[in-house]
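Below are the chains, spelled out letter by letter.
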Amino acid sequence: MDYVIFGAGMIGERVLIQYYNTYKIAGFLDNYKEGDFHGYPIEKPSYKENIFLIVAANKYFEIRRQLLQLGYKEFENFVPYQIFEKKMAVTYGNCHIGAVREYLECNKEFSREYGIYPFPLIQNLPQELETEEILSRCNLFIHQSIRKENRYGMQYASENMINYLPASCRIVSIPNLYGLPKCFFPQIEVSRKKKEVFSFLSGDEVNVEKWIEEGKSKQEIICYMEKGGVYTKDEILQLWEKFREKLLLREEEWDIKISDYIFEHYKTKQLFYDLFHISDILVKEITKRLLIYLGYNGEVHSDTLIKLDGAEIFLYRDVRDFLEIEYEQKYIRKHTKSSSLTNIDMDLKEYVNQLYRYVMFSIR
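Computed from a predicted structure; not experimentally measured. (Residues numbered from 1 in each chain as written. Predicted model: local features only at pLDDT ≥ 70, side-chain atom pairs only at ≥ 80, totals over all residues. Heavy atoms only, no water.)

With respect to the overall build of the chain
Condition: Each helix is a run of DSSP H or I of at least 4 residues and each strand a run of E of at least 2, with the numbering of both proceeding from the N terminus. Per-residue accessibility, obtained with a 1.4 Å probe over protein chains only, is compared with the maximum for each type, and a residue is labelled buried under 20%, exposed over 50%, and partly exposed between these values. The contact criterion used throughout is that any non-hydrogen atoms of two residues lie within 4.5 Å. Only the protein chains shown count as cover for residues, with accessible areas throughout obtained via the Shrake-Rupley method and a probe of 1.4 Å.
Broken down by element type, the chain carries 13 helices and 14 strands. Dimensions of the chain, computed from C-alpha atoms along their principal axes, come out at roughly 70 × 40 × 35 Å. Out of the 364 residues belonging to the chain, those deemed buried represent 51%. Taking the intrachain contacts of the chain between residues at least 6 apart in sequence as the baseline, contacts between residues at least 24 apart amount to 67%. Here the chain displays about 18300 Å² of accessible surface, and carbon together with sulfur accounts for 47% of that area.

Shown next as structure tokens:
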């Protein structure tokens, strides 16, 4: 059987280098390129018998749909390059699991044994996807313990996905912290907007909306956030206790525990960017514990940075004081810029400017 690489680009080049001595590489398929690539012919995609396709390109599901329409069958006639000649792992959850997946792929011990199928994040999972067929091939299923009460529907719960797995599949649940740390971000509510002009926050900043409607200036808003007096100590500590209770209760469902790390380090390390996104520090710790649980060395590359700070927000002074937060936030969103910013890190003044614009657009 001949092997053909779909994608005459950087990923295709890496696949060629890895396998050309092992398999008979007949050439490349590509939707946009013609000619040859490293001496191998490039052809437009068409159906051919007796070939096996290694899809070595981004946007796997667009190519997958194209190949299925041409008559190829996934796993029988083609696979994504990540799982070629490896056991297949699937990671399931939100953007947190996407970050964990990237760190897992950087671990050499794990990657020698497993390739991670590019399963969509829950927020991008199309209903027409043949989920049952894909999961029936899975050897390792890592999930965030998605509950029945999730925002996307009961059919997306982890227990439903687990029903599709083969009996031999290893199943590991990791922390799902989405929406839990309300004590750090009491001002944020789940977005009620039917249509947002541009994405700035992962929820509604209810205080700023109220202050703007009351005619407060930007400087007054900065003072509220910077000087304190918006929340009482009892309010913040009650939210903290609710966070502790929910975290410990949900953690009973998880194979990978994380509450001890959070309770020990939340004052000195930024563990959450906003109500819905954990920080890179916490992603690394979860991945380290997961790797050790799976029997690997737990090495997580410190020089690799998964950028989840695109919705990072400032802590209010009340939160900092009453929870005794020690780490500083002079600038935020240093790694993922706001769509309206270019080459600057966001300080509190710019943050309030952006909030003001966002709220004014949203309440028109």
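Continuing now.
Details of the nonpolar core
For soluble globular proteins, the rule of thumb is that nonpolar side chains tend to be buried together. So the rule is basically this: In plain words, nonpolar cores are sets of buried Ala, Val, Leu, Ile, Met, Phe, Trp, Tyr and Cys residues tied together by side-chain atoms within 4.5 Å.
Counting 72 residues, the largest nonpolar core has Phe-110, Leu-177, Phe-184, Phe-272, Leu-282 and Tyr-351 as the members making the most contacts within it. Setting aside chain neighbours within four positions, we find Tyr-351 in contact with Phe-200, Leu-201, Met-225, Glu-312, Ile-313, Phe-314, Ile-332, Arg-333 and Met-346. Among the nonpolar cores identified, the runner-up in size contains 48 residues, and Leu-29, Tyr-72, Ile-122 and Leu-125 belong to it.

Notes on the sheet that holds strand E3 (residues 35-37)
To keep it simple, the criterion reads: DSSP bridges decide pairing: two strands pair if at least two such bridges lie between them. Angular values range over 0 to 180 degrees, each being the angle between N-to-C directions of two axes fitted as lines to C-alpha atoms, with helices fitted over their stretch in contact.
Across the sheet, six strands lie side by side as E3-E4-E2-E1-E5-E6; this open sheet has mixed pairing. The strands lining the two open edges of the sheet, one partner per strand, are E3 and strand E6 (78-80). Averaged over all neighbouring strand pairs, the angle between strand axes comes to 30°, with direction disregarded. Of the pairings in the sheet, the one linking strand E1 (residues 2-6) to strand E5 (residues 51-55) comprises five bridges and is parallel in character. By the bridge assignment, Asp-2 is partnered in E5 with Ile-51. Where helix H2 (residues 60-70) meets the sheet, it contacts E1, E5 and E6, and its direction lies at approximately 175° from that of E6.

Looking at the sheet that holds strand E9 (residues 140-143)
Pairing is parallel in the open sheet, where four strands are placed in the order E8-E7-E9-E10. Edge strands, defined here as strands with exactly one partner in the open sheet, are strand E8 (114-116) and strand E10 (170-173). With strand direction ignored, the average angle separating the axes of adjacent strands in the sheet is 25°. Both E9 and E10 contribute to a ladder of four bridges, which runs parallel. The residue of E10 that forms the bridge with Leu-140 is Arg-170. Helix H3 (residues 95-106) contacts strand E7 (87-92), E8 and E9 of the sheet and is inclined by roughly 150° relative to E7.

As for the pattern of salt bridges
Put simply, the rule reads: Counted as salt bridges are all cases of a side-chain nitrogen of Lys or Arg within 4 Å of a carboxyl oxygen of Asp or Glu.
Under the counting rule described, the total for this entry stands at 15 salt bridges. The residue Glu-133 makes a salt bridge to Arg-137 at a minimum N-O spacing of 3.0 Å. Taking the relative accessible area as the measure of exposure, Glu-133 reaches 37% and is therefore partly exposed. Residue classification places Arg-137 among the partly exposed positions, given a relative accessible area of 34%. The salt bridge partner of Asp-280 is Lys-284, with a shortest N-O separation of 3.5 Å. Within this pair, Asp-280 and its partner Lys-284 are both found in helix H11 (residues 280-294), separated by four residues, close to a single helical turn. Each member of the pair, Asp-280 together with Lys-284, is buried.

Description of the pairing of strand E2 (residues 25-29)
Note the threshold: Throughout, right-handed denotes a crossover for which the path from the first strand over the helix to the second runs clockwise when the strands point away from the viewer.
Taking burial as the measure, the five residues of E2 include four buried ones, the bulk of the element. Where E1 and E2 come together, four bridges link them in parallel fashion. Bridging from a neighbouring strand, Ile-5 pairs with Phe-28 of E2. Crossover E1 to E2 through helix H1 (residues 10-19) is right-handed. With two bridges connecting them, E2 and strand E4 (residues 40-43) associate as parallel partners. Following the sheet pairing, Phe-28 is matched in E4 by Ile-42.

Remarks on H11
How we decide: Given the number of residues in a helix, its expected span is that number minus one, multiplied by 1.5 Å.
In a regular helix each residue adds 1.5 Å, so 15 residues correspond to 21 Å; H11 covers 21 Å between its end C-alpha atoms and thus fits that length. Considered for burial, the residues of H11 that qualify are Asp-280, Leu-282, Val-283, Lys-284, Glu-285, Ile-286, Thr-287, Leu-290, Leu-291 and Leu-294. Gly-295 sits one or two residues past H11 and shows a positive phi near 100°.

Overview of the packing of aromatic side chains
So the rule is basically this: Stacked, tilted and edge-to-face pairs are distinguished by plane angle, under 30 degrees for stacked and over 60 for edge-to-face with tilted covering the rest, among Phe, Tyr and Trp rings (Trp via its six-membered ring) whose centres lie within 6.5 Å. Charge-over-ring contacts are defined here by two conditions on Lys NZ or Arg CZ: a distance within 6 Å of the ring centre and an angle within 35 degrees of the ring normal.
On inspection of all chains with the given rule, the structure shows 32 aromatic pairs. Their ring planes at 75° and their centres at 6.2 Å tell us that Phe-28 and Tyr-40 sit as a pair that is edge-to-face. Taken together, the positions of Phe-28 in strand E2 and Tyr-40 in strand E4 put the pair 12 residues apart, joining distant regions of the chain. Joined through ring pairs, the aromatic side chains of Phe-184, Phe-185, Trp-240, Phe-243, Phe-263, Tyr-266 and Phe-272 make up one cluster. The ring centre of Tyr-356 lies 5.1 Å from the NZ or CZ of Lys-218, which sits over that ring.

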